[in-house]
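# Chains, contacts and geometry: an overview
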Amino acid sequence: MRQKGKRRDSMNLMEEKRHKTKKGNKDLFLTALKTTVPVFLGYIPLGMAFGFLLDGAGYHWIYAFIMSLLIYAGAGQFLTVALLAAGAGLTEFVIATLLLNLRHAFYGLSLLEKFSGIEKVKPYLIFALTDETYALLTTSKVPEGGSKSRFYFYIAALDHIYWIIGSVIGAVLGSMLNLNLEGMTFVLTSLFVVLTIEQYFNSSVRFPFVAAVGAGAASLILFSPDNMLLISIILGTLILMGREKLIQGDLNMNKGIKKAHSAAAQPVKVQERSKEES
């Protein structure tokens, strides 16, 4: 009887844990869903614009689904449509895509700490890292008691789904309607600006934003608009690295001064003790 009672108790405990886990996952998903609403409002119309353009280039809507599922590159997909329409070769595709998406290398460097301890979902998070997803991952806090890997996965997956839905809707509607698409590609830029402003007001450290604006303005003045993006990213990164080294140098100097003071104070204490003993 006692053994049966223990088994029942253990079964009840396991059921309670499962119920709590399911409830926690549901709450985590709802939090991620609310967090990704701004991206949803931007990705649906922008994805539709991509679908319209792909249909206008003469491709079936299924290609919009495949590209958004397997490539998921936002601006890279718009570039792909232009290159396909121009009849570009593989070399042009590789070089253009590399230059356009090279900024993601800098995103990855800044996410090394955030992505620690999430080995299972890290490959997908790396694949699904867009400008908007990056903005959300760097500004959103994991709910207390929630799984960091699961929360980040929900954000990345939801953004991915929004993009797929928008591109497929656009491609399907594009095959049935004749629309003027002028200006629709600016939705991505405006969405990223909104997310950056939100990140600015939520952050207590403002110097990175000032450095980014300064680097962007200097690059725009000194270089052509076609090359300013990559140059401004490199310049802003160098500024932040230089500032970090200065801060570390000041900290090391302060530590050295404290050690010197403590070392100088020790002989004085020894002399005082010897006087008291005598």
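Thresholds, definitions, all that
- Residues numbered from 1 in each chain as written.
- Predicted model: local features only at pLDDT ≥ 70, side-chain atom pairs only at ≥ 80, totals over all residues.
- Heavy atoms only, no water.
- 1 Å grid on protein atoms, 1.4 Å probe; cavity = no way out; pocket = protein on both sides within 12 Å on 5 of 7 lines; lining within 4 Å.
- Points joined across faces, edges and corners; volume = space filled by probe spheres on them.
- Helix = DSSP H or I, 4+ residues; strand = E, 2+ residues; numbered from the N terminus.
- Nonpolar A, V, L, I, M, F, W, Y, C, P; charged D, E, K, R; others polar.
- Buried < 20%, exposed > 50% of the residue type's maximum accessible area, 1.4 Å probe, protein only.
- Axes fitted to C-alpha atoms, helices over the stretch in contact; angles between N-to-C directions.
- Parallel < 35°, antiparallel > 145°, perpendicular 65-115°, else oblique.
- Left-handed = near helix turned anticlockwise from the far one by under 90°.
- Contact = heavy atoms within 4.5 Å.
- Polar contact = N/O pair within 3.5 Å; in protein donor to acceptor, adjacent residues only side chain to side chain.
- Salt bridge = Lys/Arg side-chain N within 4 Å of Asp/Glu carboxyl O.
- Core = buried A, V, L, I, M, F, W, Y, C linked by side-chain atoms within 4.5 Å.

Turning to the layout of surface pockets, a few remarks are in order. Taken as a whole, the second largest pocket holds about 310 Å³ of empty space. Along the walls of the second largest pocket sit 21 residues, with His104, Ile126, Phe127, Leu129 and Thr130 positioned nearest its centre. For the lining of the second largest pocket, the secondary structure elements donating two or more residues are α6 (103–110), α7 (122–127) and α8 (131–139). Partitioning the lining of the second largest pocket into residue classes produces 12 nonpolar, five polar and four charged.

On to unusual backbone geometry. The phi dihedral of Tyr72 falls on the positive side, at around 50 degrees, and the residue is not glycine. Structurally, Tyr72 can be placed in the loop between α3 (61–70) and α4 (75–86). Using a relative accessible area of 4% as the deciding quantity, one classes Tyr72 as buried.

Before going further, it helps to spend a moment on the packing of α3 against helix α9 (residues 148–174). Interhelical geometry of α3 versus α9 gives an angle of 165 degrees and a closest axis separation of 8 Å. In terms of orientation, α3 lies roughly antiparallel with respect to α9. The two elements α3 and α9 cross, and the hand of that crossing is right-handed. Across the interface between the two elements, Trp61, Ala64, Phe65, Ser68 and Leu69 of α3 pack against His160, Trp163, Ile164, Ser167, Val168, Ala171 and Val172 of α9. Of the residues contributing to the contact of α3 with α9, the split by class is nine nonpolar, three polar and no charged.

So, about the side chain of Thr130. When you line up the elements, Thr130 lands in the loop between α7 and α8. We classify Thr130 as buried; its relative accessible area is 7%. In this structure the side chain of Thr130 is engaged in a polar contact, spanning 2.9 Å, whose partner is the side chain of Tyr43.

Our next topic: the pattern of salt bridges. All told, the structure shown has one salt bridge when counted by the stated rule. A salt bridge links Glu119 to Lys122; the nearest nitrogen and oxygen atoms lie 3.5 Å apart. A relative accessible area of 55% places Glu119 in the exposed class. Relative accessible area serves as the criterion here: at 23%, Lys122 is assigned to the partly exposed category.

One finds Phe50, Phe115, Leu125, Tyr152 and Trp163 to be the most contacted residues of the largest nonpolar core, which totals 33 residues. For this core, the secondary structure elements donating two or more residues are α1 (2–35), α2 (37–56), α3, α4, α8 and α9. For this core, the element with the highest residue contribution is α9, accounting for nine residues. Apart from the residues lying within four places of it in its own chain, the contact partners of Phe50 are Ala64, Met67, Ser68, Gln77, Phe78, Val81, Trp163 and Ser167.

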